[in-house]
Amino acid sequence: MGKKMMRRIVSSFFSLVALVVMVFFLSRLTGDPAALFLPIDATQEMLDQFRELHGLNDPLIQQFGRYVWDVLHLDFGDSIRKARPAIDVVLESFTWTLQLALITIALVTALAITIGSVAAFRPGGLFDRFVSLVSLIGASAPDFWIAIVGIVVFSITLGWVPTSGTGTVWHWILPVAVLFIRPFGLILQVVRGSMLTAFGSAYVKTARAKGVGNRSIIFVHTLRNAMLPVITVIGDQAAAMLNGAVVVETIFGFPGVGKLMIDSILQRDFNVILAAIMVTALAIFVMNLLIDIAYTLLDPRLRT
Amino acid sequence: MAEHLLEVRNLSVQFHTAGGTVHAVRNISWHLDRGETLAILGESGSGKSVSASAIMNLIDMPPGEITSGEVTFAGRNLLAMSDDERRAINGKRIAMIFQDPLSHLNPVFTVGWQIIEVMRIHGIAADAARARALDLLKRVGIPAPETAMRKYPHQFSGGQRQRLMIAMALALKPDIVIADEPTTALDVTVQAEVLALLDELQKETGLGLLLITHDLGVVADIADRVVVMNAGEIVETGTPDEVYHNPKHPYTRKLISAAPGRGEMHEPNAAGEPLLRVENLCKSYGSFKALKEVSFTLQPGETMAVVGESGSGKSTLARALLRLDEADSGHAYWNGRDLLKMPAKELYQLRRQMQMVFQDPTQSLNPRMTVYQLISEAWVIHPEILPKAQWRSRVEELLTQVGLSPAHAERYPHQFSGGQRQRIAIARALALRPELIVCDEAVSALDVSIQAQVIALLDKLRRELGIAFIFIAHDLPVVRDFADHVMVMQAGECVEVGTVRQIFENPQRDYTRRLLDAGLDPDPRVQAARRMPKVRAGLEVG
């Protein structure tokens, strides 16, 4: 277990290094921030001064060396746009994204597992067919469309919730709802399939022969066995959300890390891009670790 | 008339499938009394498990449908009760033990939890249930019960898992225990122990035991009465002795005559150059030594049976010889050349001469290929054997040779029965005109009557084509009928090698003797005589 974990950490570290190298040089290819930050009629002198200030005149490889050195000292540079440490900017947005992702994934997990399990108990029944239809629509509808329809119906026409921004509980409802739909449909289908397989297994027969009731057969005997494939999909979906739900955050003006990254790329705010990537990569790594731990907790056969 | 503890009357069950309605059982009636062991004997598809499923409310409806009959238990018709009422009986008054305890125990809960659960749902307090579970584990012979409670099913051996199932079934002192093929997946020595345990527990508690089995030996060993089923109907009922020595129905007669282990033993006349000479073969997986210095020789046209319990290294030996796995050290001379050191090109030629038939033809035949494609594929790989123009006629010839019809060539594996599929696998092996066929438990999954037919086929091939066999099996009577030589393996080591007569009539080693003694004889009288010394031995140990 410990050995496996060490290997995991080491290999993840190398992936992170490769990622940082790639993003560093690729982002430099997009062009010069000076051209974007200074007024269109800026003099050559102003441009030179800006470049000198941000170290953009040095050879790329030297800029890279300096960046790595700083990062090793936990200095991620400053945001050009906001003139504050890049890492502060990123962590601020990331906190928003993390909250959004956690709330959504918690809701998705709870509802998809309960509803999917019950649907699988009587496959082909009325409830199962209804649930399958709804989840299929959910899994296939594009989120930008749902977001816009949601705003039109619930904010503009009915006026129940605000259109965008943050501040009150009401602000969260639409973003969470829109983010919820697709993973919910997907995970529900996985739960249903996995539970169907589990209901057919021999230990369910034993449970029936013991006189175990239906509720316990679903939620005790089979659920834990059926959870392994489900957890993998939940992990994938959570990872996608931690990367920032770019579309949803943009449409709802939600100050998350996805929106931050898009803005930073458009404005060539290199330090923020790199810091954001490192933070989300770390978050995804931690999440994968949690999934591994969940696996071993659920299935004793994996503990050796 | 006195009332029986459990009585099944005129039960008919059918299943509605895509291929039409299957009549699983038709108008069957039987009864079970307290303190009695009733065996339902039948081959696969005979419907022998269906009445048990009906009793336990395990038939899924749909596709299943109970079209007639009733099941009376303690004066009430189970089939007319509500689900809740039946749940109250299941596990408490009627309990069930299944084949293959590994898949029938829930892998993610501790065995303690699973045994306690059955008591908790039927209203026993937690600490009382726990104490009883500990007692039960002790009673069924699980070592270190306290620790065992916290372990998971995969941490036990097959025999121990079946003991755990038995403990679970007995938790609430049921009136009836139904055991569906309880020892089929177990090694012979373990089977003997589990049957002895069931027998003891029955005498202790006076429960009625319903035993579902395909094995005449199991019936001979512990049944008081036997019901023989074929194609959904009861063909015969009686005591095992009556049924065995005076079978009335033709099906029963056929079943009894098919029981292996009573034919003439082969008398090999060893002479000349061996086809295969294996010397000091070793193979380890990590620190686990699967094969330790195994040596034997095989003459052309002879059969070497490799017997031993699971984990003894039988299959590893086969895989190493066919170079499906590489051996660590040792030699295997094939016509004088060490096949373990052959380069790829020579090995390719050798593959023609050594073929394998696996245990489960359902898994080893590609379901998307027709029989013609399955058999002729060998010639696609080895085109020098046969010009393409003759493929069709040769496939038909091979099918005839293994007892199938040439018209079967365009069918797919799923359209055949298990025995027929094994014949296809044999035809596929024959396509390359091999000198050696390795059969890894090739008849173990087949019904007794089918098994006898496949063995007869293999025997015919040996006589007519002079093919040598390495015949891996755990079923000693089959080995006795078919083998020339026998090698007994235990924990990766060759315990004893000899002619079939030497091994069966004059075994030299204790392990071989134990293995032979553990086997069950289909004749109830022979089996009763065989049990006496075992029971005495048990008393001495206990």
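Keep in mind that this is a model prediction, so the values were computed, not measured.

### As for the nonpolar core
Link 1 in the chain: Of all hydrophobic cores here, the largest spans 204 residues; its most connected members are Ala167(B), Ile178(B), Val438(B), Ile470(B), Phe471(B) and Val479(B).
Link 2 in the chain: When residues in this core are grouped by element, the largest group, 13 residues, is from helix H8 (residues 169-199) of chain A.
Link 3 in the chain: Filtering out sequence-adjacent residues up to four positions away, Phe471(B) remains in contact with Thr303(B), Met304(B), Ala305(B), Cys439(B), Val479(B), Phe482(B) and Ala483(B).
Link 4 in the chain: One finds Phe94(A), Met261(A), Leu274(A) and Ala276(A) within the second-largest nonpolar core, a separate group that totals 17 residues.

### Structural notes on the confidence of the model for chain B
Parts of the prediction with low pLDDT should not have their coordinates interpreted in detail.
Link 1 in the chain: Across chain B, the average pLDDT comes to 88, with 97% of residues at 70 or higher.
Link 2 in the chain: Scoring of the predicted complex yields 0.80 for pTM and 0.79 for ipTM.

### So, the environment of Val497(B)
Residue and element names in this part refer to chain B.
Link 1 in the chain: By the element assignment, Val 497 lies in strand S20 (residues 493-499).
Link 2 in the chain: Separated by 360 residues in sequence, Val 497 and Leu 137 place their C-alpha atoms 39 Å apart.
Link 3 in the chain: Leaving out residues up to four positions away in the same chain, Val 497 has contacts with Phe 296, His 485 and Met 487.

### Topic: the pairing of strand S13 (residues 303-307) of chain B
All names here are of chain B.
Link 1 in the chain: Of all the five residues making up S13, five are buried; the element is thus mostly covered by neighbouring parts of the structure.
Link 2 in the chain: With five bridges connecting them, S13 and strand S18 (residues 468-473) associate as parallel partners. The residue bridging Thr 303 from the neighbouring strand is Phe 469, located in S18.
Link 3 in the chain: Bridging between S13 and strand S19 (residues 485-490) involves four bridges; their strand directions are parallel. For Ala 305, the partnering residue across the bridge sits in S19 and is Val 486.

### So, the sheet that holds strand S2 (residues 20-32) of chain B
Residue and element names in this part refer to chain B.
Link 1 in the chain: Across the sheet, which stays open at both edges, the four strands sit in the order S2-S1-S4-S5 with antiparallel pairing between neighbours. In this open sheet, the two edge strands, each paired with only one partner strand, are S2 and strand S5 (76-77).
Link 2 in the chain: The pairing of strand S1 (residues 6-17) with S2 spans nine bridges and is classified as antiparallel. Paired with Val 13 across the bridge in S2 is Val 25.

Definitions and cut-offs
- Residues numbered from 1 in each chain as written.
- Chains lettered and ligands numbered in written order.
- Predicted model: local features only at pLDDT ≥ 70, side-chain atom pairs only at ≥ 80, totals over all residues.
- Core = buried A, V, L, I, M, F, W, Y, C linked by C-beta atoms within 7 Å.
- Buried ≥ 20, exposed ≤ 12 C-beta atoms within 10 Å, placed from the backbone.
- Helix = DSSP H or I, 4+ residues; strand = E, 2+ residues; numbered from the N terminus.
- Contact = placed C-beta atoms within 7 Å.
- pLDDT = per-residue confidence, 0-100.
- Pairing = 2+ DSSP bridges.

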